[in-house]
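# An overview of the molecular structure
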Amino acid sequence: MKISRKIRLSYSAFLILSLTLLAAARSKAQTAEVFRLDGGNSTYALGVNEHGELQPLYWGGRLGPHDTVPAARSFPEKASFDSPYTTTPEEYAGWGAGLFTEPALKITFADGNRDLVLHFVRATQNSPEAVGLLLKDISREIYVTLRYSIDPDTGILARSADIENREKQPVVIEQAAAAQWTLPPARYTLSYLTGRWAGEWTLNQEPILGGARVIESRRGTTGHQANPWFAISRDSGSLATGPFAAGEENGEVWFGALAWSGSWRITVEHTQLDTVRVTGGFNPFDFGYKLKPGEHLETPVFYGGYSDHGLGGASRLLHHFEIAHILPEAPDPKPRPVIYNSWEATEFRVDEAGQMALAEKAASIGVDRFVMDDGWFGQRKDDHAGLGDWYVNQEKFPHGLKPLIDKVHSLGMDFGLWVEPEMVNPNSDLYRKHPDWVLNFPGRPRSESRNQLVLNLARPDVRDYVEGFLDKLLTENDIAFLKWDYNRNWSEPGWDQVPVEEQKRVYVEFIRNLYSILADLRKKHPRIEIESCSGGGGRVDLGILRYTDEVWTSDNTDPFDRLSMQDGFTYAYTPQIMMAWVTDSPHWLNNKRVTSLAYRMLSAMQGSLGIGANLNQWTAEDFAAAKRLIAAYHSVQRTIVRGDLYRLISPREGSEFSATETVAADKNQAVVFAFANATQEGRGFPLLQLHGLDPNAEYKLSWIAGQASPGTPDTASGAWWMHHGLELDLRGDFQPAAFRLDRSR
Ligand code: GLA
């Protein structure tokens, strides 16, 4: 007995010993595990530390192919207040253990446990350009797959997370990021975009100091107020000397953009260890996604990139990436047709004869596409009625849309139409029939904005109705383009048709259904092109841009305001999608500011051009000038919207001057726009030294508007235009100039 007991004891001791050895061997193997992705001019690396936690290791300039990245190692505790779980940057931190920094994932389990600690399990995919990494909670059956892929050209990474509940009970996800990004300890400047209706795209820049800066939307949509994009520039000062302004054309910049059109949040956190962490994904505000056993929650994608050519380099990478990988016609979307839209001219007063007359005038100046805006459907006379009733208004269009569409085609243009599919006016047949279809909490007030309510697109029947009427509209009419509007944000986001604990899924399901409608329509009608509009630029993000070809930048078409809006816009988005209309002067904003047609045209020609003026009031000279400039635009459009953009002089903060330059990919052409907005004390235009040309090539100068200062050569080398530079005699108020350089040798 004694002996056998002894044997048993030593046998179990042996078992324990071998398990410990196995675990040690495994953790040693894990320690060495480093995953590395290289693309463009950047490298990203992460690894598993001795505790089994996934840790970011490197993000920056591209490393040599044989360089090794030191293995992950957890950081020590800081005094008794911060455990290694807080001091060690986690690649995707579960809220649990001793975490005090921003978590990526926070979950409440059915038994009340809220502790979540994710450890690495295995790589599910590992190629030079993509990695999938499976994490699991230390004891519960919660699995997270982190997905990474890197674009070999731009080095932009796409990151997302898939969260799976394999517990026997449901769990509630209260916070789920798409990704967390970690930057090395240094001084940084944060750039981000904010705004409001008619005032989108303000670029803000501030030093990143202790604490967190939150940029977000709680509105159920992307929002005008902030855009899901950031850029972080490494300051040239040291930690001791403090920050310096972010460089436009030099210095290191890390940037990112979220592909999500619902409520979102990006938190930029400066930790006590001087590390900067960026966490972004679903906005945790009012979030509570019930995940039943076996269900997954897939986060949006958070794109991130690195440039060592300043903010200018960062935005050029993003522009190329959007063109090559995001837009529906990627990798080679055609330049946008020049459109005419009568919204500012006629507002809701559309009818067959009036639109036909405008179409004739638009065709005469070289417009490619005629778009009829709001007012053509239901009982729509103003914004009090009609949304939801997507039948053609018989009084305004007694013969349907066909005669107008035929007329537009006969003039050599294609036809586009305004819709606002997710909305309903209480004064509509649709609302009278289905008052329960809107977002609302039963028994509570339903707040209207612009006299309208939001249809609950999360409901399958509402989703099908919306897809159904759009499909019918596109099947019955020869429509090339939809301007898809969305003129309010959510309020009272109730969804009482599903059990209480599932109602907050509305934040995810609404947007997924929106995307799936857009995807279905594009599949059924492969020629259709779509603009994302939301009272201007309220829904612009890399999520909606997978399904839409362009965006309405802002309802503010004042050409001077547009210069700084367009400047801000291009930090995050390509000019290809940036619709810019020429409208009337005096302009309705800014106390009827007066500007010349040339100034308005040149301001708008920096993006994808449209005409939104009342052509019935144009003079013969206006028609002639517009026709000449539209022809000039057509001849250089590809360079403007697809080339490399250099913001030479910023119009921000009431600058007297501004200038942009775009250079074609093959460096055969450059187009420059310059504006003297309100010069003071007779100051002359700053010397224009260009960028991005081939220094050894010869370029010929031709003027689109304006003229050279005496002594400017007609032809000179790229080196001359870049180093010697060119003088412009541009002074006064709202004076424009534009020229092109074409490689002649
Ligand atoms: C929004 C759009 C405008 C116009 C109106 C129509 O404000 O941004 O361009 O289409 O709706 O109601």
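Cut-offs and rules
- Residues numbered from 1 in each chain as written.
- Predicted model: local features only at pLDDT ≥ 70, side-chain atom pairs only at ≥ 80, totals over all residues.
- Heavy atoms only, no water.
- Helix = DSSP H or I, 4+ residues; strand = E, 2+ residues; numbered from the N terminus.
- Rg over C-alpha atoms; globule rule 2.2 N^0.38 Å.
- Buried < 20%, exposed > 50% of the residue type's maximum accessible area, 1.4 Å probe, protein only.
- Contact = heavy atoms within 4.5 Å.
- Areas by Shrake-Rupley, 256 points an atom, 1.4 Å probe, with all protein chains shown as cover.
- Lys, Arg positive; Asp, Glu negative; His and termini not counted.
- Charge placed at Lys NZ, Arg CZ, Asp CG, Glu CD.
- 1 Å grid on protein atoms, 1.4 Å probe; cavity = no way out; pocket = protein on both sides within 12 Å on 5 of 7 lines; lining within 4 Å.
- Points joined across faces, edges and corners; volume = space filled by probe spheres on them.
- Nonpolar A, V, L, I, M, F, W, Y, C, P; charged D, E, K, R; others polar.
- Domains from an automatic or database assignment.
- Buried area = accessible area lost by both parts, 1.4 Å probe.
- Salt bridge = Lys/Arg side-chain N within 4 Å of Asp/Glu carboxyl O.
- pLDDT = per-residue confidence, 0-100.
- Core = buried A, V, L, I, M, F, W, Y, C linked by side-chain atoms within 4.5 Å.

### Topic: the overall build of the protein chain
Assigned secondary structure in the protein chain consists of 13 helices and 35 strands. What you see for the protein chain is a C-alpha radius of gyration of 28 Å, in line with the 27 Å of a compact globule of 745 residues. Dimensions of the protein chain along its principal axes, counting C-alpha atoms only, are 115 × 70 × 40 Å. Residues counted as buried form 61% of the 745 residues belonging to the protein chain. Across the protein chain, contacts joining residues at least 24 apart in sequence account for 69% of those joining residues at least 6 apart. Just so you have it, the protein chain exposes about 28800 Å², and 53% of that area is on carbon and sulfur atoms. Mean positive and mean negative side-chain charge positions of the protein chain (76 and 94 charges, respectively) differ by 5 Å.

### Notes on empty space enclosed by the protein
If you walk through the whole model with that rule in mind, you get six cavities of 30 Å³ or more. Quantified by volume, the largest cavity comes out at close to 190 Å³. Every residue lining the largest cavity is counted, 18 residues in all, and those nearest its centre are Gln566, Asp567, Gln606, Leu645 and Thr660. Those elements that provide at least two residues to the lining of the largest cavity are helix 10 (559–572), strand 30 (644–649), strand 31 (657–663) and strand 32 (669–678). Among the residues forming the lining of the largest cavity, the class breakdown is 10 nonpolar, six polar and two charged. A domain split of the lining of the largest cavity shows at least three residues from each of domain 2 (339–641) and domain 3 (647–743). Considering only enclosed or pocket space, the second largest cavity measures out at about 60 Å³ in volume.

### A closer look at the domain arrangement of the protein chain
Partitioning the protein chain into structural domains gives domain 1 (11–326), domain 2 (339–641) and domain 3 (647–743). Taking only C-alpha atoms, the centre of domain 2 and the centre of domain 3 are 34 Å apart. Contacts between the two partners involve 22 residues from domain 2 and, on the opposite side, 23 residues from domain 3. Each partner contributes to the roughly 1900 Å² buried at the junction of domain 2 and domain 3, and carbon and sulfur atoms together form 67% of this total. For the domain 2 face of the interface with domain 3, the top three residues by lost area are Tyr599, Leu602 and Thr639, together amounting to 30%. Linking domain 2 with domain 3 are one salt bridge. Among the salt bridges present, the one from Asp567 reaches Arg652, with a minimum N-O distance of 3.0 Å.

### A word on the confidence of the model for the protein chain
Put simply, the protein chain has an average pLDDT of 94, and 94% of its residues get 70 or more. Between residues 239–244, whose pLDDT stays under 50, and residues either more than four places distant or in other chains, the model counts 12 contacts.

### Digging into the environment of Thr299
With respect to the helices, strands and loops of the structure, Thr299 is situated in the loop between strand 18 (296–298) and strand 19 (301–307). Assessed through its relative accessible area of 5%, Thr299 is described here as buried. For the pair formed by Thr299 and Val214, sequence separation is 85 residues and the distance between their alpha carbons is 19 Å. Excluding its chain neighbours within four sequence positions, the residues that come into contact with Thr299 are Tyr92, Ser160, Ala161, Ile163, Ala176, Ala177, Ala178 and Phe282.

### Brief notes about the nonpolar core
Counting residues in hydrophobic clusters, the biggest one holds 188 residues, and the most contacted among them are Tyr92, Leu105, Ile173, Ile232, Trp376, Met601 and Ile611. The element contributing the most residues to this core is helix 9 (residues 506–524), with 10 residues. Once residues within four sequence positions are removed from consideration, Ile232 is found in contact with Leu183, Tyr188, Thr189, Leu190, Ile208, Glu252, Val253, Trp254, Val268, Val276 and Val278. With 25 residues, the next largest nonpolar core counts Ile649, Ala659, Trp721 and Met722 among its residues.

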